[in-house]
Amino acid sequence: MASGVRLLVLGKQGAGKGTQAVRIARHYGVPHISTGDMFRAAAAAGTSFGLRANEYMTRGELVPDDVVIGVVAERLAKDDAQDQGFVLDGFPRTRVQAEELQRLLGPSGLDAAVDIDVPTDVVIDRISGRRVCSTCGATYHVNAPPKKPWVCDKDGGDVVQREDDTPEAVTKRLEFYEKDTRPLLDFYDGLGLLVTVDGVGEPDDVFDRIVDGVEAVRQLRLSSPSVP
Ligand code: AP5
Ligand code: MG
Ligand code: ZN
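Participant: Help me out: how do you make sense of a negative patch on the surface in this one?
Facilitator: Side chains of E202, D205, D208 and D212 sit close together on the surface and give a patch of like negative charge. Relative to the assigned elements, D212 resides in helix 10 (residues 203-223).

As structure tokens, this is what we get:
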């Protein structure tokens, strides 16, 4: 296992952020911090915060910036993230969130921003077949189901369709991606942190591309300290 990294993963809905963030977290020994998973857990626990966030999610809208930033700041302050690093999945999603993250981490606080690039028709197909564990959030697909029908391999939880994987919500989520999140690719490119990876192919192959890209950016930054 490689030791420590500070990464964020960008990409359209269904690009494979969650699928890859799990592998990245295991490889580098860092916590996987998914804002979507945190909101879904809070909603399942029935907290007023979770139920409020769930209203936005079910409609396919973004949860307000101040709410998301508060949750992420609190999570990043924990010892594991401070000591080993992190892989952020689904954050930031707006310019305001990206700027706030820079402020929280400081100028050299990120090793790379990984963009998993997948065409829109492919992500729509992936999302329509996606199934998730209602207990641990593990991701499956109708073409790659758990061993026992719709029971999670990891913890025996029920494997179900996500509430926001309806065609209406998916269309809206992809519109938010184009308007609010795609511009972040230029933002991170300008900081010399962007790693764009072809997200089509076997998940293990996509993962190898990600690690190669991250290590290349790290080496480049080590050898040119003037890069911000
Ligand atoms: P979130 O949970 O982050 O959802 P999302 O961005 O819509 O992304 P997805 O989880 O749908 O896709 P993914 O890229 O993780 O793909 P996956 O690995 O599952 O956010 C949900 C909601 O929370 C938002 O809409 C918003 O309301 C709110 N929210 C969260 N963060 C926020 C923020 N920062 N600001 C404001 N609001 C926020 O893969 C998809 C499918 O494809 C799976 O079935 C998988 O098995 C399959 N698959 C993966 N890789 C491959 C491959 N290489 N080949 C074939 N199939 C594959
Ligand atoms: Mg996800
Ligand atoms: Zn599970």
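Moving on, there is more to tell.
Participant: What is the right way to look at the sheet that holds strand 1 (residues 5-11) in this model?
Facilitator: Two pairing modes exist for strands in a sheet, parallel and antiparallel, and in both the strands are linked by backbone hydrogen bonds. One open sheet accounts for five strands, arranged 2-3-1-4-8; its pairing is parallel. Looking at the sheet topology across the chains shown, the edges are occupied by strand 2 (32-34) and strand 8 (194-198). Going across the sheet, the axis of each strand differs from the next one's by a mean of 25°, ignoring polarity. Pairing analysis gives five bridges linking strand 1 to strand 4 (residues 112-117), with the strands arranged parallel. Counted as the bridge partner of L8 is A113 from strand 4.

Participant: Would you explain the packing of aromatic side chains in this entry?
Facilitator: We describe a pair of aromatic rings using the distance from one ring centre to the other and the angle between the two ring planes. Applying the stated rule across the entire model yields two aromatic pairs. Here the basic side chain of R59 rests over the ring of Y56, its NZ or CZ set 5.4 Å away from the ring centre.

Participant: Looking at this structure, I do not really get the coordination of the zinc ion (ligand 3). What am I missing?
Facilitator: Each pair of donors in an ideal four-coordinate tetrahedral metal site encloses 109.5 degrees, whereas pairs in an ideal six-coordinate octahedral site enclose 90 or 180 degrees. Within the protein, the atoms that donate to the zinc ion (ligand 3) are C133 (SG), C136 (SG), C152 (SG) and D155 (OD), at distances of 2.3 to 2.4 Å. Taken together, the four donor atoms coordinating the zinc ion (ligand 3) span angles of 88 to 134° at the metal, a pattern that classifies the geometry as tetrahedral. The sequence motif formed by the donor residues of the zinc ion (ligand 3) is C-x2-C-x15-C-x2-D. Residue classification places C136 among the partly exposed positions, given a relative accessible area of 37%.

Participant: Even after reading the chapter, I still don't get the pairing of strand 3 (residues 85-89), so can you show me in this structure?
Facilitator: Every regular strand shows the same layout, with side chains that alternate between the two sheet faces. Of all the five residues making up strand 3, five are buried; the element is thus mostly covered by neighbouring parts of the structure. Judged by which residues are buried, strand 3 turns out to be covered on both faces: G85, V87 and D89 on one side and F86 and L88 on the other are all buried. Examined bridge by bridge, strand 1 and strand 3 share five bridges and lie parallel to one another. Bridge pairing in strand 3 places V9 opposite D89. Sheet topology places strand 2 next to strand 3; three bridges connect them, and they run parallel. Pairing of S34 across the sheet is with D89, part of strand 3.

Participant: Help me understand the site of ligand 1, please; the structure alone is not making it clear to me.
Facilitator: Close contacts around ligand 1 come from 32 residues, with T19, E61, R93, R130 and R173 the closest. At 3.3 Å from an oxygen atom of ligand 1 is found a main-chain nitrogen or oxygen belonging to A15. Considering ligand 1 on its own, with 1,000 Å² of exposed area, one finds that the protein chains cover 92% of that surface. Listed by contribution, the elements that provide at least two residues to the shell around ligand 1 are helix 1 (17-28), helix 2 (35-45) and strand 6 (139-141). Here the shell around ligand 1 gets four residues from one element, more than from any other, and that element is helix 2. Considering only residue class, the shell around ligand 1 consists of nine nonpolar, 13 polar and ten charged.

Participant: What is the right way to look at the sheet that holds strand 7 (residues 159-160) in this model?
Facilitator: As summarised here, the arrangement of the three strands in space is 6-5-7, forming an open sheet in which the pairing is antiparallel. Whereas interior strands pair on both sides, the edge strands pair on one side only; in this sheet they are strand 6 and strand 7. Of the strands in this sheet, strand 5 (130-133) and strand 6 are in contact with helix 7 (residues 120-129), which crosses strand 5 at around 45°.

Rules of the game
Here the residue index of a chain counts from 1 through its sequence in written order. Following the order in which they are written, the chains are lettered starting with A and the ligands numbered starting with 1. Local features are withheld for residues below a pLDDT of 70 in this predicted model, meaning they are given only at 70 or higher, and side-chain atom pairs are given and counted only at 80 or more; totals for whole chains, interfaces and linings count all residues. Note: side-chain values were computed over all heavy atoms of the structure, leaving out hydrogens and water. Candidates for patches are residues over 30% relative accessible area with no salt bridge; among them, like charges are joined within 9 Å and nonpolar side chains (Val, Leu, Ile, Met, Phe, Trp, Tyr) within 5 Å. Where accessible areas are quoted, they stem from the Shrake-Rupley method and a 1.4 Å probe; at the residue level, only the protein chains shown are allowed to cover. For salt bridges, the criterion is a side-chain nitrogen of Lys or Arg within 4 Å of an Asp or Glu carboxyl oxygen. When charges are counted, neither His nor the chain ends are considered; positive counts come from Lys and Arg and negative counts from Asp and Glu. In plain terms, the charge of a residue is placed at NZ if it is Lys, CZ if Arg, CG if Asp and CD if Glu. Secondary structure follows DSSP: runs of H or I at least 4 residues long count as helices, runs of E at least 2 residues long count as strands, and numbering of each begins at the N terminus. At least two bridges found by DSSP between two strands is the condition for calling them paired. Fitting a line to C-alpha atoms yields each axis, with helices limited to the stretch in contact; the angle taken between N-to-C directions then spans 0 to 180 degrees. Ring geometry is summarised as follows: Phe, Tyr and Trp rings, the Trp one being its six-membered ring, pair when their centres sit within 6.5 Å, and such pairs are stacked at plane angles under 30 degrees, edge-to-face over 60 and tilted between the two. Only when the NZ of Lys or the CZ of Arg is both within 6 Å of the ring centre and within 35 degrees of the ring normal is a charge said to sit over the ring. The donor set comprises N, O and S atoms within 2.8 Å of the metal, extended to 3.2 Å for Na, K and Ca; water molecules are omitted, so apparent gaps in a site may simply reflect that omission. Angular criteria define each label, namely tetrahedral for four donors with all angles between 85 and 135 degrees, square planar for four and octahedral for six donors with opposite donors over 155 degrees apart and remaining angles between 65 and 115, and irregular for whatever fails these tests. Relative accessible area decides the class of each residue, using a 1.4 Å probe on protein chains only: under 20% of the type maximum gives buried, over 50% gives exposed, and in between gives partly exposed. It suffices for a single heavy atom of a residue to lie within 4 Å of a molecule or strand for the residue to be listed as near it. Under the rule applied, a polar contact is a pair of N or O atoms within 3.5 Å (in protein, one hydrogen donor and one hydrogen acceptor; residues adjacent in sequence only if both atoms are side-chain atoms). Each residue is assigned to one class: nonpolar for Ala, Val, Leu, Ile, Met, Phe, Trp, Tyr, Cys and Pro, charged for Asp, Glu, Lys and Arg, and polar for all the others, Gly among them. Contacts are assigned to residue pairs that have any heavy atoms within 4.5 Å of one another.

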